[in-house]
Amino acid sequence: MLGVSALKAHPQKPTEFVTQANYQGHIFSQKRTPADKLPSKGSSQIIAIEQQLTSCYVALQATPTSPVLGAEREAELMASLHQLTAARPNWSITAYSEELGFYRQEDNRRQRVRNEQERKQAYQRQERERSRRDSLERLALRRTQLIDSTRQAILAQVRAQVDSVAQVQAAAHQATQALALSTTAHSTATSMPHTVAVKKPVSRKVVVKTKRSAGPMVYYCDSGNTVKYHATSGCRGLSRCGASIVPISQSAAQQSMEPCKWCY
Ligand SMILES: [Zn+2]
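To keep things clear, this report deals only with the structure shown in the data block. (Residues numbered from 1 in each chain as written. Predicted model: local features only at pLDDT ≥ 70, side-chain atom pairs only at ≥ 80, totals over all residues.)

## Things to note about the overall build of the chain
Thought 1: Of regular secondary structure, the chain possesses seven helices and six strands.
Thought 2: Along the chain direction, N to C, the helices and strands of the chain fall in the order α-β-β-α-α-α-α-α-β-β-β-α-β.
Thought 3: Looking at the chain as a whole, 17% of its 264 residues are labelled buried.
Thought 4: Partitioning the intrachain contacts of the chain with sequence separation of at least 6 by distance along the chain shows that 66% fall at a separation of at least 24. (Helix = DSSP H or I, 4+ residues; strand = E, 2+ residues; numbered from the N terminus. Buried ≥ 20, exposed ≤ 12 C-beta atoms within 10 Å, placed from the backbone. Contact = placed C-beta atoms within 7 Å.)

## A few points about the nonpolar core
Thought 1: Among the nonpolar cores identified, the biggest contains 16 residues, and Ile49, Cys56, Val68, Leu84, Tyr96 and Tyr103 are the most heavily contacted of them.
Thought 2: Not counting residues within four places of it along the chain, the set of residues in contact with Tyr96 comprises Lys31, Ile49, Leu53 and Leu81.
Thought 3: Counting residues in hydrophobic clusters, the runner-up holds 13 residues, among them Leu179, Val218, Tyr219 and Ala252. (Core = buried A, V, L, I, M, F, W, Y, C linked by C-beta atoms within 7 Å.)

## Some details on the pairing of strand β2 (residues 26-31)
Thought 1: Summarising the sheet, strand β1 (residues 18-23) and β2 pair through six bridges and their orientation is antiparallel. Paired with Ala21 across the strands is Phe28, a residue of β2.
Thought 2: In this antiparallel pair of consecutive strands, β1 and β2, the connection spans two residues, and Gln24 shows a positive phi of 50°. (Pairing = 2+ DSSP bridges.)

## What to know about helix α3 (residues 70-87)
Thought 1: Its 18 residues place the ends of α3 26 Å apart at the C-alpha level, agreeing with the 26 Å of an ideal helix rising 1.5 Å per residue.
Thought 2: Buried residues of α3: Leu77, Ser80 and Leu84, and no others. When α3 is viewed along its axis, its buried side chains cluster within an angular range of 65° and face the same direction. For α3, the exposed residues set more than 90 degrees away from the buried face come down to Ala71, Glu72, Ala75, Met78, His82 and Ala86. (Expected span 1.5 Å × (residues − 1). Arc of directions from axis to C-beta.)

By themselves, these are just geometric observations and shouldn't be taken as functional.
Structure representation (structure tokens):
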């Protein structure tokens, strides 16, 4: 009896029922006790621990990212180990502790990977948001620049038109003055008594009229003693003109000349 009792109290070899598992190059111990080798005392605790560790191993291989152990399962395993040690102190738990340690380490590694991924994703989200904001700002800036340049282009066009209108007005004014002078000179040259008498009012009237509207243009022979004006420069009445044929507004011509009978 003494011998049997001493044998029972002898500690179990730590390598008994232990095999080596390999997960992605990491080697760790796995102790799984065959059903026919279970001791009568503490067998339920041994079965509980080994089943819990097996479900951890399934979780380890299921996905490369999800938690293997988790706080709840780890607490359960620690309690089971404690109960086994109390029920059967000579049963070696070295391999169980090693396997549990590997799962804990793998959980920590996976958590670090998840944290790193979350950090990267947060950074990418920030980058996307920043670049979206930047492009909106650039768009707003371009729109403002476009509005400014359009406004400037319109202003430049308006200024050019105003300038051109001013030039046309100046030219018209000069032409009108030249016309008035020429009409006056012509009237004087014709030396018709009534023309001389009405010279001043006539020239004033011409200026006023041509400023408003040039009216249709007519032609006369600038020989100095012309009394007729013509509708076209090609009129047969002008064919014998020895001087230049000069255009003049009809209203101005009417002041000192009569219409040609061929033309009118
Ligand atoms: Zn004529």
